[in-house]
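# Results of the structural survey
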Amino acid sequence: PSQNERKKIEKEITIIRHNAKKACDILKVKSVTFFDFPDNEMDSVPLLKIIKTVEGLITKFKPERIYTNYYGDLNIDHRTVFNATLTACRPQNNQVKEILCFEVPSSTEWNYPFRFNPNYFVNITRQLSGKVRAMNSYKNEIRNFPHPRSSESLKSIAKKWGSVSGNKAAEAFEIIRRIEY
């Protein structure tokens, strides 16, 4: 890329990271880490490099539960992250007891014939407005209705999973692995 193209890309990355931090502040996320993997090109990065990155995070934070992208997403980066996470969480000498997938509106439901089959639900009735506010601050990702990443669609998705689970609003996950000792 030319000097101007590089500057434009760097500016876009700065804006994306700033919006992500604003969203995390709204959600009261205490720590956020960014990596310099290429957007929508993670399939061009050796999977081992991504696995090692995930393993480093597991070593640092020692989580018992990991949330990751749905394995059937349309977005290649999401599928790559899922594969790296699953590999990094091999049950041998690993404290990760649970791996759960989440859906990403406009990435999960657009990849036919895959179908997100959640089997774990969390009541987010009280958190829904904060979730929508956080997404609205993420200016480069929010869209106008009827796009799946619109405020209205996010509320509808939460209400749909709420109705499935007996709540007014819910976040849905698919349990990939759960190990009890």
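The structure under discussion appears in the preceding block.
To keep things clear, this report deals only with the structure shown in the data block. (Residues numbered from 1 in each chain as written. Predicted model: local features only at pLDDT ≥ 70, side-chain atom pairs only at ≥ 80, totals over all residues. Heavy atoms only, no water.)

M42, V45, I50, I51, V54, I58, I66, A84, A88, C89, V96 and I99 together form the largest nonpolar core, which totals twelve residues. Elements that contribute at least two residues to this core include exactly helix 2 (47–61) and helix 3 (76–88). Of all the elements, helix 2 adds the most residues to this core, at four residues. Setting aside chain neighbours within four positions, we find A88 in contact with I51, V54, E55, I58 and N94. Counting eight residues, the second largest nonpolar core, distinct from the first, contains I124, V132, I142 and L154. (Core = buried A, V, L, I, M, F, W, Y, C linked by side-chain atoms within 4.5 Å. Buried < 20%, exposed > 50% of the residue type's maximum accessible area, 1.4 Å probe, protein only. Helix = DSSP H or I, 4+ residues; strand = E, 2+ residues; numbered from the N terminus. Contact = heavy atoms within 4.5 Å.)

It is worth spelling out the pattern of salt bridges at this point. Summed over all chains, the structure comprises nine salt bridges. With a shortest N-O distance of 3.1 Å, R90 and E55 are connected by a salt bridge. Highlighted residues: R90 in the loop between helix 3 and strand 2 (98–102) and E55 in helix 2, separated in sequence by 35 residues. Among the residues examined, R90 registers a relative accessible area of 41% and is labelled partly exposed. The shortest N-O distance in the salt bridge between E98 and R178 comes to 3.2 Å. With a gap of 80 residues between them, E98 in strand 2 and R178 in strand 4 (residues 170–178) connect regions that are remote in the sequence. R178 sits in the exposed class, given a relative accessible area of 53%. Taken together, the shared-partner salt bridges in this structure form one network comprising R65, E98, R178 and E180. (Salt bridge = Lys/Arg side-chain N within 4 Å of Asp/Glu carboxyl O.)

Glancing now at the packing of helix 4 (residues 128–137) against helix 5 (residues 151–165). Packing of helix 4 against helix 5 brings their axes to within 10 Å, and their N-to-C directions diverge by 145°. Every pair of crossing elements has a handedness; the one defined by helix 4 and helix 5 is right-handed. Contacts between helix 4 and helix 5 involve L128, V132, M135 and N136 from the former and S151, L154, K155 and A158 from the latter. (Axes fitted to C-alpha atoms, helices over the stretch in contact; angles between N-to-C directions. Left-handed = near helix turned anticlockwise from the far one by under 90°.)

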